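Single-letter residue listing:
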Amino acid sequence: GVPVLSPFRADERPSGREMVARLLGRTGDSAALTPLTVLLGDRSPAVREAAVGAVTEVGGDEAPELLREALAAEKDEWVARAIRRALLQLDSVP
């Protein structure tokens, strides 16, 4: 579950953090949104994109706001596009 995965979000390898993001999304647990918020600000674009997908998978009332905040801070156009697609999927266009 979420408590087991949360410590691994600090993995030195981007691929490890990306996997944690994907696994957190698969839990479907709203508690996953807290560690996913951290991963939305990760230094690796691949990790941020995986976190976007995971937030979308978890969903809930908080998800669109988290994604809007991430979009406002996002510098990578590829990740920004993923966020916009996720907001469309959640029916919450900015």
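Located above this text is the structure these notes cover.
Draft legend 1. How the structure looks around the nonpolar core. Counting residues in each nonpolar core, the largest one holds 26 residues, and the members touching the most others are Leu-36, Leu-39, Leu-40, Val-52, Val-55, Leu-67 and Ile-83. If you list the elements that add at least two residues to this core, you get helix H2 (14-27), helix H3 (33-40), helix H4 (45-58), helix H5 (63-73) and helix H6 (77-89). When residues of this core are assigned to their parent elements, the largest contribution, seven residues, is made by H4.

Draft legend 2. Just the pattern of salt bridges, in detail. Under the criterion given, the structure shown has six salt bridges. Overlapping salt bridges, with partners in common, bring together Glu-77, Arg-81 and Arg-84 in one network.

Draft legend 3. Quick look at the environment of Pro-14. With respect to the helices and strands, the residue Pro-14 is situated in helix H2. A relative accessible area of 39% means that Pro-14 is categorised as partly exposed. Between the C-alpha atoms of Pro-14 and Pro-45, which are 31 residues apart in sequence, the distance is 9.1 Å. Among all residues touching Pro-14, those that are not within four sequence positions of it are Ser-44 and Val-47.

Draft legend 4. A look at the packing of H3 against H4. Direction vectors running N to C along H3 and H4 enclose 150°, while the axes themselves pass 8 Å from each other. Taken together, H3 and H4 sit at an angle that is classed as roughly antiparallel. As for the relative orientation of H3 and H4, their crossing is left-handed in sense. On H4, the residues touching Leu-33, Leu-36, Leu-39 and Leu-40 of H3 are Val-47, Arg-48, Ala-51, Val-52, Ala-54, Val-55 and Val-58. Residue classes in the contact of H3 with H4 are distributed as 10 nonpolar, no polar and one charged.

Reading the values: the criteria
Residues numbered from 1 in each chain as written. Predicted model: local features only at pLDDT ≥ 70, side-chain atom pairs only at ≥ 80, totals over all residues. Heavy atoms only, no water. Core = buried A, V, L, I, M, F, W, Y, C linked by side-chain atoms within 4.5 Å. Buried < 20%, exposed > 50% of the residue type's maximum accessible area, 1.4 Å probe, protein only. Helix = DSSP H or I, 4+ residues; strand = E, 2+ residues; numbered from the N terminus. Salt bridge = Lys/Arg side-chain N within 4 Å of Asp/Glu carboxyl O. Contact = heavy atoms within 4.5 Å. Axes fitted to C-alpha atoms, helices over the stretch in contact; angles between N-to-C directions. Parallel < 35°, antiparallel > 145°, perpendicular 65-115°, else oblique. Left-handed = near helix turned anticlockwise from the far one by under 90°. Nonpolar A, V, L, I, M, F, W, Y, C, P; charged D, E, K, R; others polar.

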